[in-house]
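Examining the three-dimensional arrangement
What follows is each chain in one-letter form.
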Amino acid sequence: MSQNVSIIVWSKEGCSYCHDVKRYLAKQELTYKIVDITNNDHLRDILDAKYGVRHVPVVEVGQDNVYRGVTEIGIEHLQLALDEFLVANKNQVNQ
């Protein structure tokens, strides 16, 4: 994956889905930042404003301050978003 990619995982303590996402990213050797919403309800308000959800995990994938939020639960949704990002990124480089 491009060195320019930025991945942000919105998660909370005790969330098994969040753990699965972080484990998947680690296996793919992708670095990511974590926004821990545990005991921070105001951060849920941010998710609601950005994506219309208040649940976690939410994974943001992007670069240059342009992100796509993956709000669906399940690794397959994250895989698809990462694949789409790679294709779009590759097309920009080839233009």
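What counts, and at which threshold
Residues numbered from 1 in each chain as written. Predicted model: local features only at pLDDT ≥ 70, side-chain atom pairs only at ≥ 80, totals over all residues. Heavy atoms only, no water. Helix = DSSP H or I, 4+ residues; strand = E, 2+ residues; numbered from the N terminus. Buried < 20%, exposed > 50% of the residue type's maximum accessible area, 1.4 Å probe, protein only. Pairing = 2+ DSSP bridges. Salt bridge = Lys/Arg side-chain N within 4 Å of Asp/Glu carboxyl O.

1. A short note on unusual backbone geometry
Leaving glycine out, the prevailing phi sign among residues is negative, and the prevailing peptide bond configuration is trans. In this chain, Val 56 is followed by Pro 57 through a cis amide linkage whose omega measures 5°. Tracing the backbone through its elements, the reader meets Pro 57 in the loop between α2 (41-51) and β3 (58-63). In this structure, Glu 29 takes a positive phi of about 60° despite not being glycine. Within the element layout of this structure, Glu 29 appears in the loop between α1 (16-27) and β2 (33-36). Positive phi, normally seen in glycine, also occurs at Asn 39, with a value near 60°. Here Asn 39 shows up in the loop between β2 and α2. With relative accessibility at 78%, the residue Asn 39 sits in the exposed group.

2. Quick look at the pairing of strand β1 (residues 6-11)
The element β1 is extensively covered by neighbouring structure, given that six of its six residues are classed as buried. Taking every second residue as pointing to the same face, both faces of β1 are buried, with Ser 6, Ile 8 and Trp 10 on one and Ile 7, Val 9 and Ser 11 on the other. As defined by bridge partners, β1 adjoins β2 across four bridges and the pair is classed as parallel. By the bridge assignment, Ser 11 is partnered in β2 with Asp 36.

3. Some remarks on the pattern of salt bridges
For the coordinates displayed, the defined rule picks out five salt bridges. Among the salt bridges present, the one from Asp 20 reaches Arg 23, with a minimum N-O distance of 2.9 Å. Residue Asp 20 and its partner Arg 23 are located together in helix α1, separated by three residues, close to a single helical turn. Residue Asp 20 is classed as partly exposed on the basis of its relative accessible area, which comes to 28%. Lys 50 is paired through a salt bridge with Glu 60; the nearest N and O atoms lie 2.6 Å apart. Of this pair, Lys 50 sits in helix α2 while Glu 60 sits in strand β3, and the two are ten residues apart along the sequence.

4. Concerning the pairing of strand β4 (residues 66-70)
Alignment of β3 against β4, held across five bridges, turns out to be antiparallel. Along β4, the bridge assignment pairs Gly 62 with Tyr 67. Hairpin connection between β3 and β4: a loop of two residues separates the two successive antiparallel strands, and Asp 64 in this loop has a positive phi of roughly 50°.

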